[in-house]
Amino acid sequence: MMETRSSRPTEQAEVTLTVPADSRYLSVVRTAAAGLGARLDFTLDDIEDLRIAVDEACVLLLKQARPESQVRCEFTVEGLGLGVRASAPCHRPKVPPRDGFSWTVLSALTTTLAMEVQDGELVISLTRSRGGDDLL
Amino acid sequence: MLEDDVRELTGAAFRRLQALPDDDPARPDLRADLVALNLPLVEHLARRFRNRGEPYDDLVQVGTIGLIKAVDRFDLGREVEFSTYATPTIVGEIKRWFRDKGWSIRVPRRLQELRLSLASATSELTQELGRSPTVKELAHRLAIGEDEILEGLESANAYSTVSLDAPESTAWDGASVGDALGEYDDALATVEFRESLRPLLEALAPRERRIVVLRFFRQMTQTQIAADVGMSQMHVSRLLARSLATLREGLTGDD
């Protein structure tokens, strides 16, 4: 018999992952995000969105990150959603244009999205709530 | 064996086969003979798909499935040569394999198998539940751990770089595989998006463009897109990942 999806809020948890600012480490970040999505009982659709969103956010950071620096990803599991704050130290951090493709992609995949420059770092904050059990 | 001999023997075997009652014990042997006899046709067709990153032996194996289907469906009353009848079925099977299972990065066989069972469990469960399944549900269905499911999802993105829009290596009929996949461009017309993004999207192949537009501009889920475009959700996932990679390469500067 199929288990039903849990509707109770999961415990609150914080997970921090720091990886070299190098695209070869993106799979580690994607997999961590997918694992947390699984804990929240996200559907594959939600998990795929989360993976692409985290990937896209990190790619934006990698474009500006100082060489040899680290990308820091703080995941917050709260209720039925996941928050991600991804940041990297940059030489001249600049928030990407809102009408660019990356912003379009990210906002389609996330529930909330914000980008800002903070203490010499570009910071991308996003949340993703568990999608409805939408019918096809 | 000469081509004419093959044709003769094939015709004779089909006449015998089709004269036999459905449950005649001689049927399986005749069927096997017909497959063996026409294997050179499969080999010939598989050679057209060489140099596309897939092992020739695998192509022959997949093509043979097409041959078997053709043997089972062929009707002498059609008055066409069996080879004429079988060719599209064999080529179709090879193309489908490229489309669904083509891998460019060598992924360990265990992961390939995992990915394939994931793909079929995903579509089964989507049918049953009326929504995309959770990792827990997939793990339960396949009787494996959630970690393995996650590993399978990541490996699924080691997608093929065999372009489905590249013309086939020999003059087959001049059509690219993409032509067989229908019309995808109407998506662009019905969506409002910033003009600045148009040239970017136009750099994508029509099918990829349609998927990108449906996902990012029309907010459809991967499962909905899969149903709309007629492919598996995992294939949609792979094409999206590939499209984003292409678009990133096309973007310069600070976007």
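Each chain has its residues counted from 1, following the order in which its sequence is written. Whichever chain is written first is A, and whichever ligand is written first is 1; the rest continue in order. Per-residue local features of the predicted model are confined to residues with pLDDT of at least 70, and side-chain atom pairs are confined, for both listing and counting, to 80 or more; whole-chain, interface and lining totals are unaffected and use all residues. Hydrogen atoms and water are omitted, and side-chain values are computed over all heavy atoms in the structure.

Asker: Lay out the pattern of salt bridges with the relevant residues and their values.
Answerer: Think of a salt bridge as a Lys or Arg side-chain nitrogen and an Asp or Glu carboxyl oxygen that are within 4 Å of each other. Enumeration according to the criterion identifies 20 salt bridges over all chains in this entry. With a shortest N-O distance of 2.8 Å, R30 of chain A and D55 of chain A are connected by a salt bridge. With R30 of chain A in helix 1 (residues 26-39) and D55 of chain A in helix 2 (residues 44-64), this residue pair connects regions lying 25 residues apart in the sequence. For the exposure calls, accessible area comes from a 1.4 Å probe over protein chains only, and a residue counts as buried if that area is under 20% of its type's maximum, exposed if over 50%, partly exposed in between. The class of R30 of chain A is buried, set by a relative accessible area of 17%. One salt bridge in this structure joins E81 of chain B and R7 of chain B, with 3.9 Å as the shortest N-O distance. On the criterion of sequence distance, the pair formed by E81 of chain B in the loop between helix 4 (56-73) and helix 5 (82-101) and R7 of chain B in helix 1 (residues 3-19) is long-range, its members being 74 residues apart. Linked by salt bridges that have partners in common, R30, E48, R51 and D55 of chain A together with E154 of chain B make up one network. Helix and strand definitions here come from DSSP, where helices need a minimum of 4 consecutive H or I residues and strands a minimum of 2 consecutive E residues; each element is numbered from the N-terminal end.

Asker: I'd like to hear about the pairing of strand 4 (residues 112-118) of chain A, residue by residue, with values.
Answerer: All names here are of chain A. The pairing criterion is simple: DSSP has to find at least two bridges between the two strands. Sheet topology places strand 4 next to strand 5 (residues 121-129); 7 bridges connect them, and they run antiparallel. Residue T112 lies in a different strand from strand 5, and its bridge partner there is T127. Between strand 4 and strand 5, which pair antiparallel in sequence order, lie 2 residues; one of them, D119, sits at a positive phi of approximately 50 degrees.

Asker: I'd like a description of the state of the cysteines, backed by residues and values.
Answerer: Our working definition of a disulfide is a cysteine sulfur pair at a distance within 2.5 Å. With the rule as written, the count across this model stands at 0 disulfides over all chains. With no disulfide partner, C58 of chain A has as its closest neighbouring cysteine sulfur the one in C73 of chain A, 4.1 Å distant.

Coordinates in, geometry out; function isn't part of it.
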